[in-house]
Amino acid sequence: MTQYPHLFQPLDLGHVTLPNRILMGSMHTGLEELGDFNRVAAYYARRAEGGVALMVTGGMAPNREGGVMPGAAGLLSDKDMQNHGKVTQAVHDAGGRIAMQILHAGRYAYSPECVAPSPVKSPISPFPPAELDEDGIEKQIADIVEAARRARDVGYDGVEIMGSEGYFLNQFLVTHTNKRTDRWGGTYENRMRLPVDVVRRVRQAVGDDFIVIYRLSMIDLVPNGSTWDEVVQLAHAVEKAGASIINTGIGWHEARIPTIATSVPRRAFTWVTKKLMGAVHIPVITSNRINTPETAEAVLADGSADMVSMARPFLADPDFVKKARTGRSKTIAPCIACNQACLDHTFEMKIASCLVNPQAAHETDLVYAPAAKPKKIGIVGAGPAGLSTAIIAAGRGHKVTLFDRADRIGGQLNLAKEIPGKEEFHGLVDWFATMLDETAVALRLGEEAKPGTLAGFDEIIIATGVTPRDPGIPTDGGHVVSYADILTGRETAGKRVAVVGAGGIGFDVSEFLTHEGQSPTENLEDWLQEWGVADPGDYRAGLAPDGPQPSPSPRKVSLFQRKAERPGKRLGKTTGWIHRASLQMKGVQMIGGVSYDRIDRAGLHITRQDGTVELVPCDTIVLCVGQESDRRLADACEAEGMKVHVIGGADFAAELDAKRAIDQGARLAASL
Ligand code: NAP
Ligand code: SF4
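Residues numbered from 1 in each chain as written. Chains lettered and ligands numbered in written order. Predicted model: local features only at pLDDT ≥ 70, side-chain atom pairs only at ≥ 80, totals over all residues. Heavy atoms only, no water.

Summed over all chains, the structure comprises 41 salt bridges. Residue Arg107 pairs with Glu254 through a salt bridge whose shortest N-O separation is 2.7 Å. Taken together, the positions of Arg107 in the loop between strand E5 (98-102) and strand E6 (115-116) and Glu254 in the loop between strand E10 (245-250) and helix H9 (270-276) put the pair 147 residues apart, joining distant regions of the chain. Considered together, Arg107 and Glu254 belong to a single accessibility category, that of buried residues. For Arg444, the salt bridge is made with Glu447, and the minimal N-O distance between the two is 2.9 Å. Relative accessible area serves as the criterion here: at 25%, Glu447 is assigned to the partly exposed category. Residues participating in the shared-partner salt-bridge network are Arg46, Glu49, Asp319 and Lys322. (Salt bridge = Lys/Arg side-chain N within 4 Å of Asp/Glu carboxyl O. Helix = DSSP H or I, 4+ residues; strand = E, 2+ residues; numbered from the N terminus. Buried < 20%, exposed > 50% of the residue type's maximum accessible area, 1.4 Å probe, protein only.)

Given below as structure tokens:
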């Protein structure tokens, strides 16, 4: 008897029955563009082995002009066909099913060749699109249909037609991007003609025994987006045109409302999908910020959808489904929705992976093989680097002992947990604790390891982390504290606060200081109000008429940096704008290009870029000026002639984050 009866109910699609209600949603990894399809096949096959009912590939271009960028992958050549055949074969051999997403980017394409219903440039691409004429429109439809036919020919079980997130099909639907006056523009019937024609002609081309998913934007979150009546009208038309399943899209890419970041509450948008339940006769899938079997089960149990899509959670743990089915949910590596190794990588043109699971999309080059000869391994420091090394080394069969002078594991992760909007870090630390147990790591907390303690180990790993940097600002009185003091509650900030240093931690601390009470991430109503999200049945595209309504900050906070650039510029590509917007809503002043002259009881004395000298009156000054490596133990061991591996912050402190620490730990553990 499963713990998740709704999740493990089969889904009958007529010609095929899916074994459960879990879809692996589309995620672009960049592996296809790399051209190594053995690696692409290994990535999908690994996830098929994990028992997911159906997977959707990353977006494949139907033609050159529709690719998200020049050189975007697609099924355009014979070579492409052979390559994709490897993928479908590997997935089927592993007992899985896979659908290919057809993604035409329209005006979102980062390419001078981009095309769109009207020549309206998007705010997220520098290239103005060319307006399509009648022949151009026919070509786009024919190319999408051909992509679907080819997908079937190479063995895919279905296609997903990307009709949401503001891409090409979505651009036809709304007057914001469709200014046409011919049969493809004007009335809603005309504007939806293209998406509906695409579905009808795809169905005609692929026959009845092939899955056709239509990803439909249910809440556009942009001005002049679709009304709810239009959403329902489109859903009916898409069903009639032959779609097997409707998947949910939330928000256009240009929307200024976060939709998948970690600060978005879990299942924040399933209520939108639920509004469509009962309106169509085909299954409806919901998505966004669903990352545990418990959440997924609850979504299905309360009738919000027929099936649940999760994308990033399958990067974090390919065995999500298998573990949920066999009562081992606690061992599922949690996706913390950080975007740091997946979407941020994609936007930086790097291969996507996962902060929690560096093996994701590296299945062939990062292998955790059973240890040929088990060794005794001593690791000092139970932060992300030490934890990652410990569980992987122990999982390979080594005998691992993990020391930390603190009385709990987690290191700097315990600070991240305290930030409103970063609650997912609790799950990450809990998962590490479970895995230490599962892999029988001997945990010695509250113990300061010395060189003598480590003498009997075959391999010694020093992951002692970092200490906060002292910026050396002349100080004569005043309440000066470090970020760690504030986040651990050792110190409490006054009403007027200057935050010195605007890196990731300066932003996090400012977030911490401008909230009080329950985090909006844990209260959906508050979060929707904070970001100005309304019921699309009441307000077009789900935008509240009064806009964002954040709760007021309990403090006046100013955030400083020396660099004469926009504070927050170096934060994550896909999340930096959310951090900046969130602090702006709380009235935080963000000031770059300053030098710090001195601190006294009156506050922080600075000189601005233009030479103006200024006193920033404040009750508390929080130093968030980076860290330095804590190498004391490493140096002591080396002084005694011991050979040690130094990893994480102890190795290199600058811009250390959990992604780098976990990755370094994993690679070392794989090599021992
Ligand atoms: P950081 O990102 O390196 O930022 C340090 C800040 O201190 C910078 O603003 C720097 O800017 C300033 N600074 C450096 N030396 C200084 C000095 N001697 N005097 C005065 N100011 C100085 O470090 P962090 O904020 O401590 O974060 C540590 C790591 O954790 C980073 O890699 C960060 O990305 C990561 N992290 C990530 C997130 C996330 O959301 N992804 C959140 C938290 C932390 P100026 O030199 O311009 O003043
Ligand atoms: Fe999830 Fe972060 Fe991993 Fe991406 S990198 S899959 S968001 S945990």
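Our next topic: the environment of Gly185. Within the element layout of this structure, Gly185 appears in the loop between helix H5 (168-173) and helix H6 (188-191). Exposure remark for Gly185: the relative accessible area of 3% places this residue in the buried category. Separated by 11 residues in the primary sequence, Gly185 and Val174 have C-alpha atoms spaced 8.9 Å apart. In this view, Gly185 contacts Asn178, Arg180, Asn190 and Arg191; residues no more than four positions away in its chain are not counted. (Contact = heavy atoms within 4.5 Å.)

One can read the domain layout of the protein as domain 1 (11-347), domain 2 (376-467 + 628-671) and domain 3 (475-515 + 553-625). The straight-line distance from the C-alpha centre of domain 1 to that of domain 2 is 39 Å. Domain 1 puts 16 residues into the contact, and the matching count from domain 2 is 11 residues. Carbon and sulfur atoms supply 59% of the area that domain 1 and domain 2 bury against each other, a total of about 1100 Å² over both sides. Of all residues in domain 1, Thr331, Ile336 and Gln340 give up the largest surface area on contact with domain 2, accounting jointly for 41% of the area buried on that side. (Domains from an automatic or database assignment. Buried area = accessible area lost by both parts, 1.4 Å probe.)

Moving on to the site of ligand 2. Taken together, Arg312, Leu315, Cys335, Ile336, Ala337, Cys338, Asn339, Ala341, Cys342, Cys354, Leu355 and Val356 make up all the residues around ligand 2. In terms of residue class, the shell around ligand 2 is made up of 10 nonpolar, 1 polar and 1 charged. (Near = heavy atom within 4 Å. Nonpolar A, V, L, I, M, F, W, Y, C, P; charged D, E, K, R; others polar.)

One pass over the full model with this rule turns up 8 aromatic pairs. Seen from their ring centres, Tyr110 and Phe127 are 5.3 Å apart, and the 85° between their planes marks the pair as edge-to-face. Taken as a pair, Tyr110 in the loop between E5 and E6 and Phe127 in the loop between E6 and strand E7 (130-131) lie far apart in primary sequence, 17 residues in all. By relative accessible area, Phe127 is classed as partly exposed at 22%. Here Phe168 and Phe172 contribute two aromatic rings whose centre-to-centre distance is 5.2 Å and whose plane-to-plane angle is 80°, an arrangement assigned as edge-to-face. Taken together, the residues span about one helical turn, with Phe168 and Phe172 both in helix H5 at a distance of 4 residues. (Phe/Tyr/Trp six-rings, centres within 6.5 Å; stacked < 30°, edge-to-face > 60°.)

Turning our attention to the sheet that holds strand E25 (residues 613-617). Note: strands within a sheet are paired through backbone hydrogen bonds, in either parallel or antiparallel orientation. Read from one edge of the open sheet, 4 strands run E18-E23-E24-E25, paired in mixed fashion. On the outer flanks of this sheet lie strand E18 (475-476) and E25, each paired with one strand and no other. Alignment of E18 against strand E23 (residues 595-600), held across 2 bridges, turns out to be parallel. Counted as the bridge partner of Thr475 is Ile599 from E23. (Pairing = 2+ DSSP bridges.)

With their axes 9 Å apart at the nearest point, helix H4 (residues 134-153) and helix H7 (residues 193-206) run at an angle of 35° to one another. Both H4 and H7 take part in a crossing whose hand is right-handed. Here H4 contributes Ile137, Glu138, Ile141, Ala142, Ile144, Val145, Ala148, Arg149 and Arg152 to the contact with H7, which in turn contributes Leu194, Asp197, Val198, Arg201, Val202, Ala205 and Val206. Within the contact of H4 with H7, the residues separate by chemical class into 11 nonpolar, no polar and 5 charged. (Axes fitted to C-alpha atoms, helices over the stretch in contact; angles between N-to-C directions. Left-handed = near helix turned anticlockwise from the far one by under 90°.)

Taken together, 21 residues lie around ligand 1, and Ile505, Arg562, Lys563, Gln627 and Leu656 are the ones closest in. In the model, an oxygen atom of ligand 1 is placed 3.2 Å from a nitrogen or oxygen of the Gly503 main chain. Here Lys563 contributes a backbone N or O atom positioned 2.8 Å from an oxygen atom of ligand 1. Element by element, the count of residues in the shell around ligand 1 is highest for helix H18 (residues 504-513), at 3 residues. The residue makeup of the shell around ligand 1, split by class, is 7 nonpolar, 7 polar and 7 charged. (Polar contact = N/O pair within 3.5 Å; in protein donor to acceptor, adjacent residues only side chain to side chain.)

Strand order in the open sheet made by the 5 strands is E15-E14-E13-E16-E28, with parallel pairing throughout. With partners counted over all chains shown, the strands left at the sheet margins are strand E15 (442-445) and strand E28 (645-646), one partner each. Inspection of the sheet shows strand E13 (residues 376-380) paired to strand E14 (residues 399-404) by 5 bridges, in the parallel sense. Paired with Lys376 across the bridge in E14 is Lys399.

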